[in-house]
Amino acid sequence: MSIKVHSEPFLSRYTDNRKVIEINGETVRECLNNLVRHFPRLELFDKNGNLFDYYTIVVNSRIIFTNELDTPVTDGDEISIDLMIAGG
Amino acid sequence: MGNSSAVIIGCGGLGGIIATSLVRTGVGKVKLVDRDIVEYHNLHRQILFNEEDVKNKLPKAVAAERNLKKVNSSVEVEGIVADVHNANIESMVAGADIIMDGLDNLETRFIINDASLKYKIPWVYGGALATSGMTASIIPGETPCFRCIYPSLPSHGAIPTCDTAGVIGPAPFIIGSLQSVEAIKILTGNKDINRDIIAVDVWRGNFSRFEIAYRPDCPACQGEYKSSQIQTGVRTEILCGQNSVQVSDPGIDSISLIKLAESLKPLGEVSRKRFAIRFITDRHEMVIFPDGRLILKNSFDESLAAALYAKYIKARIEGLNGK
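These numbers come from a predicted model, not from an experiment.

Student: Help me understand helix α10 (residues 302-320) of chain B, please; the structure alone is not making it clear to me.
Tutor: Counting along an α-helix, one turn takes 3.6 residues, and residues three or four places apart therefore face a common direction. Residue and element names in this part refer to chain B. Between its first and last C-alpha, α10 extends 25 Å over 19 residues, near the 27 Å set by a 1.5 Å rise per residue. Alanine 310 marks where α10 bends most, by close to 45 degrees. What α10 keeps buried is the set Ala305, Leu308, Tyr309, Tyr312, Ile313, Lys314 and Ile317. Looking at the buried positions of α10, the neighbouring elements they touch are β9 (235-238), β10 (244-248), α9 (257-264), β13 (284-288) and β14 (294-297).

Structure (structure tokens):
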């Protein structure tokens, strides 16, 4: 499946300044893993493979929880990666 | 609106916009809580303050109160110079109809989230960083909470801060404005509140909405308030975008600045203002507030700040307070 992944503006420094990336995968987790393989500086998972809590993963405008990462995706789905924002 | 009460925690970029908006709108009582003093590098995005406030070294809560009282004299504006923590959050939000987030750190947001759910007071989260920002309205019993979105505090240094990423002025302007709209809706009983995260990239002009769901294992939604586990002893914290470290001790409520200044005089250069003492010794510049907090200027060294606090301040405060 070909999925569009949108990265939060601050994270695009780790994705060669690309804000939208086409990536392949059958599930959300597979897409994110493939993304990290392409852009190793983008650290989404800890050494045990768990998604860091300070990211929010949005699939088609709905935030999903970490236990939903194995949700299948289909052509045309969009994933956004957002980052916890603490400043003010 | 005139009978309602708002507490704004944090009076920087976001808090300044929110306070300006709510005071001009005519919210009956606006309480402003902030721990910091006004500095030049605040002025690009913190609209409540001016160069005179910097020269006078005013605490932000004091300067904000002064400036806002000139805007709308019918509003009861109260500035409180304090660090919000889990020992004083109850008194800070008591009587408020809404809690507005003008903060620069996550720890206090987790504390606010728990207080909001515990005392059933809505709060409006806002955050701004670099060219981005986001906001969400948390209504106890009606919407998922902040912990549903972010279940735990990230480790120190895991996410970018104002220090590492900066903040462009219009980011908090936009987010603070969106937060203010939510406050007006909530305070007037309008049901058309925002139930999503609204994320904004001001640089690209993008607005996005994300649906939030209840997290089934969210402790806060089940009445378990884990923010009480956030460090309550002497704690240090790098202040966002300030090149400063704060040391606070919730065990100390208040101190006599006059007496403390006298006891510090033999040890270095001491200047006392109404709201704080500036103490310089061995090239370390510190500001000490009436609630016992210390800010070490021009440093990111938390260990040094804690050591200076222990060496020069803590024992003296306890001695003066008769502990």
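Student: Where do I start with unusual backbone geometry in this structure?
Tutor: The phi angle of most residues is negative, glycine excepted, and most peptide bonds adopt the trans form. Phi angles above zero are rare outside glycine, and asparagine 17 of chain A is one such case at about 60 degrees. By the element assignment, asparagine 17 of chain A lies in the loop between β1 (2-7) and β2 (20-24). Even without glycine at this site, lysine 57 of chain B takes up a positive phi of about 50 degrees. Mapped onto the elements of the fold, lysine 57 of chain B is located in the loop between α2 (51-55) and α3 (60-69).

Student: Is there a simple way to explain the pairing of strand β11 (residues 269-272) of chain B in this structure?
Tutor: Looking along a regular strand, one sees side chains alternate from face to face of the sheet. All names here are of chain B. Sheet topology places β11 next to strand β12 (residues 277-281); four bridges connect them, and they run antiparallel. Directly across from valine 270, in β12, lies its bridge partner phenylalanine 279. Turn length for the β11-β12 hairpin, with the two strands adjacent in sequence and antiparallel, is four residues.

Student: So what exactly am I meant to see when it comes to the interface of chain B and chain A here?
Tutor: One frequent convention defines the size of an interface as the accessible area lost when the parts assemble. Contact residues are listed per partner, giving 42 residues for chain B and 19 residues for chain A. Elements that contribute at least two residues to the side of chain B that touches chain A include exactly α1 (13-25), β5 (123-129), β6 (132-138), α7 (162-165), β7 (196-201) and β8 (206-211) of chain B. The greatest single-element share of the side of chain B that touches chain A, amounting to four residues, is contributed by β5 of chain B. Looking at the side of chain B that touches chain A, its residues break down into 24 nonpolar, 12 polar and six charged.

Student: Sorry, what's going on with the domain arrangement of chain B here?
Tutor: All names here are of chain B. Per the domain assignment, the segments making up chain B are domain 1 (5-229) and domain 2 (235-320). Measuring from the centre of the C-alpha atoms in domain 1 to the corresponding centre in domain 2 gives 26 Å. Each partner contributes residues to the interface: domain 1 has 19 residues there, and domain 2 has 15 residues.

Student: Just to check I follow, could you spell out the sheet that holds β9 of chain B for this structure?
Tutor: All names here are of chain B. Pairing is antiparallel across the open sheet formed by six strands, whose spatial order is β9-β10-β14-β13-β12-β11. Two strands in the sheet have a free side with no partner beyond their single neighbour: β9 and β11. Going across the sheet, the axis of each strand differs from the next one's by a mean of 20 degrees, ignoring polarity. Of the strand pairs in this sheet, β12 and β13 are connected by five bridges, and their pairing is antiparallel. Bridging across to β13, threonine 281 finds its partner in histidine 284.

Student: So what exactly am I meant to see when it comes to the nonpolar core here?
Tutor: As a rule of thumb, nonpolar side chains are buried together in soluble globular proteins. All names here are of chain B. Ala6, Ile8, Ala19, Val30, Ile98, Ile99 and Ile288 are the most contacted members of the largest nonpolar core, which totals 122 residues. Composition of this core by domain shows at least three residues from each of domain 1 (5-229) and domain 2 (235-320). Alanine 6 has contacts with Leu22, Val27, Val30, Ala96, Asp97, Ile98, Met100 and Ala183, leaving out every residue within four places of it along the chain.

Student: What is the right way to look at the confidence of the model for chain B in this model?
Tutor: Detailed reading of the predicted model is not advised wherever pLDDT is low. On average, residues of chain B carry a pLDDT of 91, and 98% of them reach 70 or more. Here the predicted complex carries an ipTM of 0.89, next to a pTM of 0.85.

Student: How should I be thinking about the packing of α9 of chain B against α10 of chain B in this particular structure?
Tutor: Helix-helix packing: each pair is described by the crossing angle between the helix axes and the interaxial distance. Residue and element names in this part refer to chain B. Across the interface, α9 lies against α10 with an axial gap of 10 Å and an inter-helix angle of 125 degrees. By the angle between their directions, the pair α9 and α10 is classed as oblique. Of the two elements, α9 crosses α10, and the hand of that crossing is right-handed. Within the contact between the two elements, α9 uses Lys259, Leu260, Ser263 and Leu264 and α10 uses Tyr312, Arg316, Ile317 and Leu320. Here the contact of α9 with α10 is composed, by residue class, of five nonpolar, one polar and two charged.

Student: Looking at this model, I keep getting lost on the pairing of strand β5 (residues 78-83) of chain A. Mind explaining?
Tutor: All names here are of chain A. Buried residues dominate β5, accounting for five of its six residues. As judged from the four bridges shared by β1 and β5, these two strands associate in the parallel manner. From the neighbouring strand, serine 7 faces β5, where its bridge partner is isoleucine 81. Relative to β5, strand β3 (residues 55-59) runs antiparallel, the two sharing five bridges. Among the inter-strand pairings, tyrosine 55 is bridged to a residue of β5, identified as leucine 83.

About the criteria used
Within every chain, residues take consecutive numbers counted from 1 along the sequence as written. To read the labels, note that chains go from A and ligands from 1, taken in the order they are written. Since the coordinates come from a predicted model, pLDDT governs what is reported: local features require at least 70, and pairs of side-chain atoms require 80 or more to be given and counted, while whole-chain, interface and lining totals use all residues. Put simply, DSSP H or I for four residues or longer makes a helix, DSSP E for two residues or longer makes a strand, and each gets a number counted from the N terminus. To estimate how far a helix should extend, the number of its residues minus one is multiplied by 1.5 Å. Note on bend: at a given residue it equals the angle between the axes fitted to the 7 residues ending there and to the 7 starting there. A residue is called partly exposed when the number of other C-beta atoms within 10 Å of its own lies between 12 and 20, exposed at 12 or fewer, and buried at 20 or more, with C-beta atoms placed from the backbone. C-beta atoms are first placed from the backbone for all residues, and any pair lying within 7 Å is then listed as a contact. In this analysis, strands are considered paired if DSSP registers two or more bridges between them. The classification used treats Ala, Val, Leu, Ile, Met, Phe, Trp, Tyr, Cys and Pro as nonpolar, Asp, Glu, Lys and Arg as charged, and all other residues, Gly among them, as polar. Residue ranges labeled as domains rest on an automatic or database domain assignment. Think of each axis as a best-fit line through the C-alpha atoms, taken over the contacting stretch in the case of a helix, with angles from 0 to 180 degrees between the N-to-C directions. For this entry, the nonpolar core is defined as buried Ala, Val, Leu, Ile, Met, Phe, Trp, Tyr and Cys residues connected by C-beta atoms within 7 Å. pLDDT measures the predictor's confidence residue by residue and takes values from 0 up to 100. Relative orientations are named as follows: roughly parallel for angles under 35 degrees, roughly antiparallel for angles over 145 degrees, roughly perpendicular for angles from 65 to 115 degrees, and oblique for any other angle. Take the far helix as the reference: if the near one is turned anticlockwise from it by less than a right angle, the crossing is left-handed, and if turned clockwise, right-handed.

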